[in-house]
Amino acid sequence: MAIEDLISSVPTGLWIGGEERQAASTFNVLDPSDDQVLATVADATAADAVAALDAACAVQAEWAATAPRKRGEILRSVFEKITERADDIAALMTLEMGKVLAESKGEVAYGAEFFRWFSEEAVRIAGRFTPAPAGTGRILVTKQAVGPCYAITPWNFPLAMGTRKMGPAFAAGCTMIVKPAQETPLTMLLLAKLMDEAGLPKGVLSVLPTSNPGAVTSALVDDGRLRKLTFTGSTGVGKALVKQSADKLLRTSMELGGNAPFIVFDDADVDAAVDGAILAKMRNGGEACTAANRFHVANSVREEFTDKLVKRMSEFTLGKGIDPASTLGPLINSKQVSTVTELVSDAVSKGATVAVGGVAPGGPGNFYPATVLADVPADARILKEEIFGPVAPITGFDTEDEGVAAANNTEYGLAAYVYTQSLDRALRVAEGIQSGMVGINRGVISDAAAPFGGIKESGFGREGGIEGIDEYLDTKYIALTR
């Protein structure tokens, strides 16, 4: 489909109760490769948020009472609809977010999988029935839908961060309002249209693009009818949302920032470690919470690892994500380019060496090259702050204990990566690392069938796996007499 036809096929109004509605004002969505306007979309207000919650509440009881098999069949139909339109969705995502087309196609496959996985989990919501230990009766435990949910999704994965929340919510019998990031609302609006075509009942999903997220969020969180808040984004915003939600005691799930260590031990297969490093660092152009943020490499193999990583990183080609020749697209905006530039400059000023890259090319678009920093000192900000860009800072260690200590030297705990050929060491280190997820000899760990989430200041709650649906279910105990 031509780009103009693709853009024109996307709803640009508010999606409330299964229907497109216009708003009093609009805002522009920009192409990060040249900052040109892609589309103008409706700008939701607090009143629109209340209207979306009205729609969700109106069908909540009916949707929760819908047979689990029926809910599952609808989710399976959504999976199939996304798969049919995979190329269009990927192109749209690339246009508004910037990632190269191959990355977008990968996200479409990954994002769709949450509907397939949870279509199968909808019929497996279990309880238990058992005699009371005292012999006085029976204990019946059942699970019920939490109720209307509010999901706030980020710009870096415009499809998958929504499907990872919607899949389990809808499987559990919950309705949901989604607020996509201001930078990337088009993918979510197209998804809403496709879900409607796939048979999702009106009112089960609403999508509210907005340039004033504070007003929209407050209107929903402060309304006693909302029962669940789920957020993917920065730790700072997550903390504020948890505080805001406390007054109504909302169920919350927080998937927050990361500072993933990538540890290469002296017995690692260095070539395999470099392959994994490219995947862990450069997936999504480095704009991922699971991206390898700092590379702790045993000093005995550090030079070899660095040389080989530099060679691979130098092979990336900057360009528009929609251009098939590009292997690295732009960052999301100029602010992110400035953030990455500042982190690199700070590291260099403290003694780090730029082995490749390190300078934004300038000109139109928000580009930053694949970069490797060697000999990064311990006090560099880039080892402590989330980079969200294609920069790999390398530092060394001597002993296993030193490597693990360096990995744990952060307030975050989302993902970690370990390369070693020793199974004993792999398990020992994985257990010792303070992280919600650990990849052993692999650079990609995301899987719809596995629980995704962190500890410490990376948040709480899990998305995906058999654990994911529990976030949208309340446990009810029913006491029965003998």
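Notes on the structure follow. In this text, all values refer to a predicted model and were calculated from it rather than measured experimentally. (Residues numbered from 1 in each chain as written. Predicted model: local features only at pLDDT ≥ 70, side-chain atom pairs only at ≥ 80, totals over all residues. Heavy atoms only, no water.)

Describing the sheet that holds strand β20 (residues 473-481)
For the record, the criterion: Note: two strands are recorded as paired if DSSP finds a minimum of 2 bridges between them. Secondary structure elements follow DSSP: runs of H or I no shorter than four residues count as helices, runs of E no shorter than two count as strands, and numbering proceeds from the N terminus. A fitted line through C-alpha atoms serves as each axis, taken over the contacting stretch for helices, and the angle formed by two N-to-C directions is quoted from 0 to 180°.
In spatial order, the strands read β5-β6-β20; together these three strands make up an open sheet with antiparallel pairing. Among the strands making up the open sheet, the edge pair consists of β5 (128-131) and β20. Strand-to-strand twist of the sheet, defined as the mean angle between neighbouring strand axes without regard to direction, takes the value 20°. Alignment of strand β6 (residues 137-145) against β20, held across nine bridges, turns out to be antiparallel. In the sheet register, glutamine 144 faces β20, and the bridge partner there is aspartate 474.

Focus on the pairing of strand β16 (residues 391-397)
The criterion, for reference: Accessibility here uses a 1.4 Å probe with only protein chains present; expressed as a share of the type maximum, an area under 20% marks a residue as buried, one over 50% as exposed, and anything in between as partly exposed.
Burial of β16 is extensive: six of the seven residues sit out of reach of the surface. In this sheet, β16 lies alongside strand β13 (residues 292-298) in parallel orientation, the contact comprising four bridges. Residue pairing for β16: valine 297 is matched across the bridge by glycine 396. With three bridges joining them, strand β15 (residues 371-374) and β16 adopt parallel strand pairing. Following the sheet pairing, threonine 371 is matched in β16 by valine 391.

What about unusual backbone geometry?
Look at leucine 249: it is not a glycine, yet its phi comes out positive at around 50°. Considering the arrangement of structural elements, one finds leucine 249 in the loop between α9 (235-245) and β11 (251-255). Judged by its relative accessible area of 68%, leucine 249 is exposed. For asparagine 441, which is not glycine, the phi torsion reads 55° and is therefore positive.

Brief notes about helix α6 (residues 160-172)
For clarity, the threshold we go by: One less than the residue count of a helix, multiplied by 1.5 Å, gives the span that helix is expected to have.
With 13 residues, α6 extends 18 Å between its outermost C-alpha atoms, agreeing within 8% with the 18 Å of an ideal straight helix rising 1.5 Å per residue. Most of α6 is tucked away: 13 of the 13 residues are buried. Just downstream of α6 lies glycine 173, where phi reads positive at about 100°.

Examining the pairing of β11
As a reminder of what qualifies: Classification remark: right-handed applies to a crossover when, strands pointing away from the viewer, the course from the first strand over the helix to the second runs clockwise.
Among the five residues that make up β11, four are buried, leaving the element largely enclosed by the rest of the structure. For the handedness criterion, the β-α-β arrangement of strand β10 (residues 228-232), α9 and β11 is classed as right-handed. Where β11 meets strand β19 (residues 459-460), two bridges bridge the pair, whose relative direction is antiparallel. Considered in β19, the bridge of methionine 254 is made with phenylalanine 460.

Focus: the sheet that holds strand β12 (residues 260-264)
To be explicit about the condition: We call two residues contacting when some pair of their heavy atoms lies within 4.5 Å.
With mixed pairing, seven strands are arranged side by side in an open sheet as β14-β15-β16-β13-β12-β17-β18. The open sheet has two edge strands with one neighbour each: β14 (353-356) and β18 (437-440). Each adjacent strand pair in this sheet contributes to an overall mean axis angle of 25°, direction not counted. Examined bridge by bridge, β12 and strand β17 (residues 415-419) share three bridges and lie parallel to one another. From the neighbouring strand, valine 264 faces β17, where its bridge partner is tyrosine 419. The sheet strands contacting helix α11 (residues 299-313) are β12, β13, β14, β15 and β16, and the helix crosses β16 at an angle near 170°.

Points about the pattern of salt bridges
We count it as follows: The term salt bridge refers to a side-chain nitrogen of Lys or Arg lying within 4 Å of a carboxyl oxygen of Asp or Glu.
By the definition in use, this model includes 28 salt bridges. Between arginine 124 and glutamate 121 there is a salt bridge whose closest N-O contact spans 3.8 Å. A relative accessible area of 53% places arginine 124 in the exposed class. Overall, the relative accessible area of 9% leaves glutamate 121 in the buried class. Taking the shortest distance from any N to any O, the salt bridge between lysine 308 and aspartate 271 comes out at 2.7 Å. Pair noted here: lysine 308 is in helix α11 and aspartate 271 is in helix α10 (residues 270-282), with a separation of 37 residues, a long-range link. According to the relative accessible area criterion, aspartate 271 is partly exposed, its value standing at 43%. In the salt-bridge network here, residues are joined through shared partners; they are Asp266, Asp267, Glu400, Arg425 and Arg428.

Quick notes on the packing of helix α3 (residues 68-84) against helix α5 (residues 101-121)
The axes of two packed helices give the description: the angle between them and the distance between them. Note the threshold: Throughout, the term roughly parallel applies to angles under 35 degrees, roughly antiparallel to angles over 145, roughly perpendicular to angles from 65 to 115, and oblique to all others. A crossing counts as left-handed when the near helix is turned anticlockwise from the far one by less than a right angle, and as right-handed when that turn is clockwise. Basically, the charged four are Asp, Glu, Lys and Arg, the nonpolar ten are Ala, Val, Leu, Ile, Met, Phe, Trp, Tyr, Cys and Pro, and anything else, Gly included, counts as polar.
For the pair α3 and α5, the least separation of the axes is 7 Å and the interaxial angle reads 165°. Looking at the two axes, α3 sits roughly antiparallel to α5. Judged by the twist between their axes, the crossing of α3 over α5 is left-handed. In contact with Gly72, Leu75, Arg76, Val78, Phe79 and Ile82 of α3, α5 contributes Val108, Ala112, Glu113, Phe115, Arg116, Phe118 and Ser119. Across the contact of α3 with α5, the residue classes break down as eight nonpolar, two polar and three charged.

Remarks on helix α2 (residues 46-65)
Think of an α-helix as turning once every 3.6 residues; residues three or four places apart then point the same way. The terminal C-alpha atoms of α2, which comprises 20 residues, lie 29 Å apart, in line with the 28 Å expected from a rise of 1.5 Å per residue. Along α2, the positions that sit buried rather than exposed are Asp48, Ala49, Ala52, Leu53, Ala55, Ala56, Val59, Gln60 and Trp63.

Focus: the packing of helix α8 (residues 213-221) against α9
Across the interface, α8 lies against α9 with an axial gap of 10 Å and an inter-helix angle of 35°. Along this stretch, α8 crosses α9, giving a crossing that reads as right-handed. Contacts from Thr217, Ser218 and Val221 in α8 reach Leu241, Gln244 and Ser245 in α9. Split into classes, the residues belonging to the contact of α8 with α9 amount to two nonpolar, four polar and no charged.

Some thoughts on the packing of aromatic side chains
Rules: For Phe, Tyr and Trp, where Trp contributes only its six-membered ring, two rings pair if their centres lie within 6.5 Å, and the inter-plane angle classes them as stacked under 30 degrees, edge-to-face over 60, or tilted in between. Only when the NZ atom of a Lys or the CZ atom of an Arg is both within 6 Å of the ring centre and within 35 degrees of the ring normal do we say a charge sits over the ring.
Counted according to the given criterion, the structure contains eight aromatic pairs. Here phenylalanine 262 and phenylalanine 295 contribute two aromatic rings whose centre-to-centre distance is 5.1 Å and whose plane-to-plane angle is 40°, an arrangement assigned as tilted. Here phenylalanine 262, found in strand β12, pairs with phenylalanine 295, found in strand β13; they are 33 residues apart in sequence, far enough to count as distant. The burial state of phenylalanine 262 is the same as that of phenylalanine 295; both residues are buried. Grouped by ring-pair contacts, the aromatic residues Phe262, Phe295, Phe305, Tyr417 and Tyr419 constitute a single cluster. One residue, lysine 228, lies across the ring of tyrosine 472, its end atom 4.9 Å from the ring centre. Cation over ring: arginine 283 sits above tyrosine 110, and NZ or CZ is 5.7 Å from the ring centre.

That's the geometry; what it means functionally is another story.
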